[in-house]
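Residues per chain are reported as follows:
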Amino acid sequence: MTKDYYAVLGVDRGASKEDIKKAFRKLAQKYHPDKGGDETRFKEITEAYAVLSDDKKRREYDSYGRTFAGGGADATGGVDFSNFTNGAPFGEFDFSDIFSGFGDIFGGGARARTARGRDISIDIEVSFKEAVLGTTRSVLLAKISACDACGATGAKRGTVMDTCATCGGSGRIHETRNSILGTFATVRVCHDCEGAGKVPKEKCPVCHGHGVLRREEETLIKIPAGIDNGEMIRLPGQGEAIKGGAPGDLYVKVHVKPDPVFRKEGLNLVMDLPIKLTDALLGTAVTLTLVDGKKVEVKIPPLSRAEEVLRVRGKGVSNDAGRGDLLIHVSIALPRKISTQAKKAINQLKEEGL
């Protein structure tokens with residue numbers, strides 16, 4: 001179930017950034033573990049602040065109920081704070097205005113978390129036919145990727161790796177800082193080695209020692225058969241790369257263009273079929289063109305009632321979940337005008353009690 005970050009901070013959905021910051025300051029001081037507060041509650045309010053204080057993440061949260069742009073979600077549905085730590089490469093959120101650099105944001109020791117690249121979210125549009133049958137799309141993404149020249153190490157091929165003199169090989173810098181909440185022992189990522197603990201004698205000439213660089217990459221996206229409009233596809237490891245860590249994920253939101261004939265209900269395809277009054281009374285056969293271009297003949301039984309539903313087995317969506325049917329909603333299309341001869345025939349039917 002999606003968390004209500006506004007309720008967590010006790011603010012309205014239309015709250016300003018300043019109101020959100022004030023609410024967070026108050027709650028952080030109350031619940032911080034080093035002040036004897038509830039660690040679980042502190043994680044929740046920190047997670048909520050990380051999303052609502054960032055304009056892009058807030059828009060994504062308001063639209064989708066979650067965020068896609070920065071760090072991955074952890075087991076609690078929270079935010080990956082490895083990308084928020086001061087000094088972390090490519091991090092996009094800074095807690096320094098609130099904590100003056102807590103480092104280990106959860107308190108209680110210097111627990112290092114595995115670095116993880118940013119998630120990416122994109123939107124693509126597919127036709128109704130592509131959504132029903134499935135397809136593959138190729139997209140060109142400009143993103144931070146691992147450097148092929150150095151294998152994401154940041155070092156020139158063949159060079160020697162030395163222990164980082166700044167952090168002593170730990171990849172972390174331990175400091176004591178004062179903030180509005182008191183004095184805290186903090187941990188931050190070492191800026192010189194970017195958390196790796198080692199630095200090369202010679203940096204990679206392509207990425208200049210970062211191990212990653214921004215470039216365009218072609219990505220193949222498999223659209224599964226039967227996908228619904230607005231559904232999200234997750235491609236693990238296809239997000240942005242980060243030196244010394246795992247890449248983020250790519251989230252693809254699929255928009256399905258409506259079809260003039262068919263609509264989808266679960267695995268079933270549904271269509272409306274207006275027929276003439278005489279065909280409803282006497283019965284007929286109609287040839288229909290399906291989504292995949294194949295044709296099927298459907299028999300309309302005599303004396304068909306208005307709004308009758310005919311079922312053609314196995315002609316709906318077919319995927320791993322099963323195979324649906326084609327449902328045909330029959331309706332009687334009455335003419336706008338009738339001839340004198342037709343009126344006589346109708347009156348004759350009326351006399352017969354029809």
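Since this is a predicted model, take the numbers as computed values, not measurements.

### Here's the deal with the overall build of the protein
Right, on to step 1. Along its length, the protein carries eight helices and 17 strands.
Right, on to step 2. Per-residue burial over the protein gives 40% buried out of 354 residues.
Right, on to step 3. Split by element, the accessible area of the protein, about 19,500 Å² in all, is 50% carbon and sulfur.

### Topic: the state of the cysteines
Right, on to step 1. Here the structure, examined in full by the defined rule, presents zero disulfides.
Right, on to step 2. In this structure C167 is not part of a disulfide, and its nearest cysteine sulfur, from C193, lies 3.7 Å away.
Right, on to step 3. Left unpaired, C207 is separated from the closest cysteine sulfur, that of C150, by 3.7 Å.
Right, on to step 4. Here C207 falls in the buried class, since its relative accessible area comes to 3%.

### Here we look at the pairing of strand β10 (residues 262-265)
Right, on to step 1. Summarising the sheet, β10 and strand β11 (residues 268-276) pair through four bridges and their orientation is antiparallel. Bridging from a neighbouring strand, K264 pairs with L269 of β11.
Right, on to step 2. Counting the residues between successive antiparallel strands, the hairpin from β10 to β11 contains two residues, one of them, G266, with a positive phi of roughly 65 degrees.

### Let's talk about the nonpolar core
Right, on to step 1. Ranked by internal contacts, the top residues of the largest apolar core, which has 37 residues, are I122, V252, V254, L288, L326 and I328.
Right, on to step 2. Those residues in contact with V252 that sit more than four places away from it in its chain are I122, I124, I221, E231, M232, I233 and L235.

### Regarding the sheet that holds strand β1 (residues 120-126)
Right, on to step 1. In spatial order, the strands read β1-β9-β8; together these three strands make up an open sheet with mixed pairing. Strands at the two margins of the open sheet, each flanked by one partner only, are β1 and β8 (232-235). This sheet shows a mean twist of 25 degrees between the axes of neighbouring strands, independent of strand direction.
Right, on to step 2. Relative to strand β9 (residues 250-256), β1 runs parallel, the two sharing seven bridges. Looking across to β9, one finds that D123 is bridged to K253.

### Quick look at a nonpolar patch on the surface
Right, on to step 1. Together, L277, L281, L282, L303, L334 and L349 line one region of the surface with nonpolar side chains, adding up to about 610 Å² of accessible area.
Right, on to step 2. With relative accessibility at 34%, the residue L349 sits in the partly exposed group.

### Observations regarding the packing of helix α2 (residues 17-31) against helix α3 (residues 39-52)
Right, on to step 1. As a packed pair, α2 and α3 sit with axes 10 Å apart at the nearest point and diverge in direction by 160 degrees. When the interaxial angle is binned, α2 and α3 end up roughly antiparallel. Crossing geometry of α2 relative to α3 is assigned as left-handed. On the side of α2, the interface is formed by I20, K21, F24, L27, A28 and Y31, while α3 contributes R41, F42, I45, T46, Y49 and L52.
Right, on to step 2. Its residues assigned to classes, the contact of α2 with α3 comprises nine nonpolar, one polar and two charged.

### Let's talk about the sheet that holds β10
Right, on to step 1. Ordered in space as β10-β11-β17-β14, the four strands form an open sheet in which the pairing is mixed. Both outer strands of the open sheet, β10 and β14 (308-312), are each paired with one neighbouring strand and no more. For this sheet, the mean angle separating the axes of adjacent strands, direction not counted, is 30 degrees.
Right, on to step 2. Note that β11 and strand β17 (residues 326-333) share eight bridges and pair parallel. Considered in β17, the bridge of L273 is made with V330.

### Details of the pattern of salt bridges
Right, on to step 1. This model, assessed by the stated rule, comprises 20 salt bridges.
Right, on to step 2. For R41, the salt bridge is made with E44, and the minimal N-O distance between the two is 3.9 Å. With a gap of three residues between them, R41 and E44 both fall in helix α3, about one helical turn apart.
Right, on to step 3. Using a relative accessible area of 21% as the deciding quantity, one classes R41 as partly exposed.
Right, on to step 4. A residue is classified by how much of its surface remains accessible, and E44, at 30% relative accessible area, is partly exposed.
Right, on to step 5. Note that R137 and E130 form a salt bridge whose closest N and O atoms lie 3.0 Å from each other.
Right, on to step 6. We classify E130 as partly exposed; its relative accessible area is 22%.
Right, on to step 7. Three or more residues are tied together by salt bridges with common partners; here these are R116, D119, R234 and D249.

### Things to note about the packing of aromatic side chains
Right, on to step 1. Under the definition given, this model contains three aromatic pairs.
Right, on to step 2. Measuring from centroid to centroid gives 6.1 Å for Y6 and Y61, while their planes differ by 45 degrees, and the two rings are tilted. Pair noted here: Y6 is in helix α1 (residues 5-9) and Y61 is in helix α4 (residues 55-64), with a separation of 55 residues, a long-range link. Here the two residues Y6 and Y61 agree in accessibility, since each one is buried.

Here is what the cut-offs are and how they apply
Residues numbered from 1 in each chain as written. Predicted model: local features only at pLDDT ≥ 70, side-chain atom pairs only at ≥ 80, totals over all residues. Heavy atoms only, no water. Helix = DSSP H or I, 4+ residues; strand = E, 2+ residues; numbered from the N terminus. Buried < 20%, exposed > 50% of the residue type's maximum accessible area, 1.4 Å probe, protein only. Areas by Shrake-Rupley, 256 points an atom, 1.4 Å probe, with all protein chains shown as cover. Disulfide = S-S within 2.5 Å. Pairing = 2+ DSSP bridges. Core = buried A, V, L, I, M, F, W, Y, C linked by side-chain atoms within 4.5 Å. Contact = heavy atoms within 4.5 Å. Axes fitted to C-alpha atoms, helices over the stretch in contact; angles between N-to-C directions. Patch = residues over 30% accessible without salt bridge, like charges linked within 9 Å, V, L, I, M, F, W, Y side chains within 5 Å. Salt bridge = Lys/Arg side-chain N within 4 Å of Asp/Glu carboxyl O. Parallel < 35°, antiparallel > 145°, perpendicular 65-115°, else oblique. Left-handed = near helix turned anticlockwise from the far one by under 90°. Nonpolar A, V, L, I, M, F, W, Y, C, P; charged D, E, K, R; others polar. Phe/Tyr/Trp six-rings, centres within 6.5 Å; stacked < 30°, edge-to-face > 60°.

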